[in-house]
Amino acid sequence: MNQSINIDVASNCIAAELYHAATLAKSLSLTAKNAQAITLRAGDNSLGFKAITVFINEFAETIIHQASKINDQAVSISRLSISHAHTMSTSKQFNRAWDFAGKESHREDLKEILLSLHERANQAQEKMRLMLQHLEFDLEESQMQMRAAGIIATTSKTEASRAGEYQESLFTIANNIETTSSKIRTHLKAASKFLSELKDTNS
Amino acid sequence: MKAHVLYRGEHHQWIMFARDEEKPEKIIDTNQYLVIGKNKSLLIDPGGSELFPVMLGSVLKFLAVNEITDIFASHQDPDIISSLGLWDEALPNAKLHSPWLWEGFIRHFGMNNIEYVALPDEGGRLDIGGTELHFVPAHYLHSSGNFNVYDPVARLLMSGDVGAALEPNDAPLVVDDFDSHISKMRGFHQRWMPSNAAKTDWIRRVRKLKIDIMAPQHGRLFKGDDVGRFLDWFDALEVGSAIKD
C-alpha cells in the first residue's frame, strides 16, 4: 500500500510541476507575440529578433502541449497506482479469508478469485511500467527543447542590441524570455527528479 | 468468530456470527447473520472491511461462496456494510437489498458488480428459497433510512441497532438477566436513537409480530419473554438525549 501511495504522490507532484511549466509557457507565448508586434514596428533593425520570437512562440506552444500530455499521463499513473493498491489489499483480505476458512470449508471457491486478483495486479504493474517509459520519453524531449530555448534566449539579447530605438523594449522581452525559460527548466528538472523516485518505487 | 445456528427449519436456517476474537480493540463488536434457504441465501449486515476475512472464512464453513445470492444492509453505517467492495469481488452476481435513501452513499464503499435493490420506505419482502423474509421499516432507529428483517416462520426479528448493547467481546450471546442488561443498553439507545415518535411507531408495529428471538446487530439476543420486556423498557425510554431542554 505504501508503495502505491508513494507512486500516487510522486505522479501528482510531476503533474503539479508540469502545470507550473505550462502556465509559464503560456506567459512565454504571450511575450513572444508582444515581441513580434514590436519587431514589426522596428522593421529591418530587428529581423534577427523577429525570427527568434517566431521560434520562441512555437516552442512555448510545444511546451504547453507536452505539459498537458505529461499531466494526463501522470494522472493516469496516479489512478492506476490507487487501483493497484486496492487490488493488492483485496488480495490480502482474500488470502486471510482462505486461512480463516480452514480445510473443512468451501475455501477452494476462492482460488479463482485469488487468481483473477493476481492477474489484475500483474497487468496493472506492467501497464504502469509502460506508462512510466512514455512519461520519461516525453519529459526528456521537453527538457531537450528547453536546453535549445536557453541558448536562443541568450542569442535574443544580442539581437535586441541591434534594434535601435526599440532596443530597450526588446531587451526587456529578451530578459523575460530568459527568466521564464529558466523557470520552466527548473520545473522540468523537478519533474524529472520525481520521475526517478517513481521509477525507483515501481522497480 | 463464533458461529451459532439460531434456527433450523425444514426449508431454511439462521446462523449468527459474533464475538470475533481477531477484531481490533477499538472497533465495535458486531453480529452478522446468514439465512440459508434452498438455492438462495441472504447475508445480513455483513460488517466492516476489517471484519471481512474472518466473516468470509466463517461463512465458507457453511456454504459455497456462489450460494450467497443476496445481501442485506439495514443502513449505511461502516460497521454494517463497509466490506461491500470486498463482497463485490466475491459475489459478483449477488443483489444488495438496502434503503433507497442510502444508495448513492453506500456505493462509496465500492460496488462494480453487485446489483443494488433499493428498498422503498414502506419495506418489502424477499423469498429465500421457499421462505419469505419481511423487510420491516425501522426508520430513524437509528438511521434515517433503516430496516429490520423479520422471519415469520422462524419467528425471528433481526432488529439492527434496536436492542443493541455495548459490552466486552466475550459477553454471553443471550440476555440472561434483563434487569442487569439494561445498563448496557440505556446509553446506546438514548444517544443513538434520535426520535421518540419513530420509536413509538416501531414498537406499535413490532408488538403485532410473533417473535421468539430478537437479534440485534450489537450485543445479545433476546429470547422469549425478554422480547416483550425489551419492548416495554424501550417504550418508556426517552431518546434523543443529545438535545437538552
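Everything here concerns the structure above.
Help me understand the environment of B:H108 in this model?
For B:H108, the position within the fold is in the loop between α4 (103-106) and β7 (115-119). A sequence separation of 24 residues divides B:H108 from B:L84, and the C-alpha atoms of the two residues are 9.2 Å apart.

So what exactly am I meant to see when it comes to the interface of chain A and chain B here?
Accessible area lost when the parts come together is the quantity often used to give the size of an interface. Facing the 16 residues of chain A at the interface are 17 residues of chain B. Summing both partners gives a buried area of about 1400 Å² for chain A against chain B, and 67% of it is carried by carbon and sulfur. The largest per-residue losses of area from chain A upon contact with chain B belong to A:Q93, A:F100 and A:H106, which jointly make up 37% of the total buried on that side. Linking chain A with chain B are one salt bridge. At the boundary of chain A with chain B, the tally comes to five residue pairs in polar contact (both at pLDDT 80 or more). When residues of the side of chain A that touches chain B are traced back to their parent elements, those giving at least two are α2 (47-101) and α3 (110-160) of chain A. Looking at the side of chain A that touches chain B residue by residue, the classes come out as seven nonpolar, four polar and five charged.

Honestly, a nonpolar patch on the surface in this entry has me stumped. Any pointers?
On the surface, B:I28, B:L166 and B:W192 cluster together into a nonpolar patch covering about 260 Å² of accessible area. With respect to the secondary-structure elements, B:I28 resides in the loop between β2 (13-18) and β3 (32-36).

In this structure, what is going on with the environment of A:S192? I would like to understand it.
Residue and element names in this part refer to chain A. Relative to the assigned elements, S192 resides in helix α4 (residues 167-202). A sequence separation of 52 residues divides S192 from E140, and the C-alpha atoms of the two residues are 8.2 Å apart. If we skip the residues at most four places from it in the chain, S192 touches L139 and Q143.

For this particular structure, what's the right way to read the packing of α2(A) against α3(A)?
A packed helix pair is summarised by two numbers, namely the angle formed by the two axes and the spacing between the axes. Residue and element names in this part refer to chain A. Following both chains from N to C, one finds α2 and α3 inclined at 160°, their axes separated by 7 Å at the closest point. Considering the angle they form, α2 stands roughly antiparallel to α3. Note on packing geometry: the crossing formed by α2 with α3 is left-handed. Per-class residue counts for the contact of α2 with α3 are 28 nonpolar, 17 polar and seven charged.

Where do I start with the sheet that holds strand β13 (residues 222-223) of chain B in this structure?
Within a sheet, each strand pairs with its neighbour through backbone hydrogen bonds, oriented either parallel or antiparallel. All names here are of chain B. On the basis of which strands lie adjacent, the open sheet formed by six strands has the order β8-β9-β10-β11-β12-β13 and mixed pairing. Bordering the open sheet on either side are β8 (124-127) and β13, each of which pairs with just one other strand. Here strand β10 (residues 147-151) pairs with strand β11 (residues 156-160) via three bridges, running antiparallel. The residue of β11 that forms the bridge with D151 is L156.

What is the right way to read the pattern of salt bridges from this model?
Pairing of side chains with opposite charge becomes possible as their charged atoms draw close. Here the structure, examined in full by the defined rule, presents 20 salt bridges over all chains. Two residues, A:K69 and A:D138, come together in a salt bridge whose shortest N-O distance is 3.5 Å. One end of the pair, A:K69, is in helix α2; the other, A:D138, is in helix α3, and 69 residues separate them in sequence. Residue class for A:D138 comes out buried when judged on its relative accessible area of 4%. With a shortest N-O distance of 3.6 Å, B:D235 and B:R207 are connected by a salt bridge. In this pair, B:D235 sits in helix α7 (residues 225-236) while B:R207 sits in the loop between α6 (196-206) and β12 (213-216), placing the two residues 28 residues apart along the sequence. Taking relative accessible area as the criterion, B:D235 reaches 33% and is therefore assigned partly exposed.

Calculation notes
- Counting starts from 1 at the beginning of each chain's written sequence and moves along it residue by residue.
- Here every chain gets a letter starting at A, and every ligand a number starting at 1, in the order they are written.
- The predicted nature of this model means local features are confined to residues of pLDDT at least 70 and side-chain atom pairs, given and counted, to a pLDDT of 80 or more, with totals for whole chains, interfaces and linings taken over all residues.
- Values reported for side chains reflect all heavy atoms of the structure, with hydrogen atoms and water molecules removed beforehand.
- Put simply, DSSP H or I for four residues or longer makes a helix, DSSP E for two residues or longer makes a strand, and each gets a number counted from the N terminus.
- Working rule for contacts: check all heavy atoms of both residues, and any pair within 4.5 Å makes them a contact.
- Accessible-area loss on putting two parts together, using a 1.4 Å probe and summing over both, is the definition of buried area adopted here.
- We define a salt bridge as a side-chain nitrogen of Lys or Arg found within 4 Å of a carboxyl oxygen belonging to Asp or Glu.
- Whenever a nitrogen or oxygen atom comes within 3.5 Å of another N or O atom, the pair is scored as a polar contact, on the condition that within protein one atom can donate a hydrogen and the other can accept it, and that pairs from neighbouring residues in sequence are kept only if both atoms are in side chains.
- Gly counts as polar in this scheme, as do all residues outside two lists: the nonpolar Ala, Val, Leu, Ile, Met, Phe, Trp, Tyr, Cys and Pro, and the charged Asp, Glu, Lys and Arg.
- Like charges are joined within 9 Å and nonpolar side chains (Val, Leu, Ile, Met, Phe, Trp, Tyr) within 5 Å, but only among residues with over 30% relative accessible area and no salt bridge; these make up the patches.
- We get accessible surface area from the Shrake-Rupley algorithm with a probe of 1.4 Å; when it comes to residues, only the shown protein chains can shield them.
- Axis definition: a line fitted to C-alpha atoms, over the contacting stretch in the case of helices. Angles run 0 to 180 degrees between N-to-C directions.
- Here the angle decides the label: under 35 degrees means roughly parallel, over 145 means roughly antiparallel, 65 to 115 means roughly perpendicular, and every other value means oblique.
- If you view the pair so one helix is near and one far, a crossing is left-handed when the near helix is turned anticlockwise from the far one by less than a right angle, and right-handed when it is turned clockwise.
- When DSSP finds at least two bridges between two strands, those strands are taken to pair.
- Partly exposed describes any residue whose relative accessible area lies between the buried limit of under 20% and the exposed limit of over 50%, with all areas from a 1.4 Å probe on protein chains only and scaled to the type maximum.

In short, shape yes, function no, at least from these values alone.
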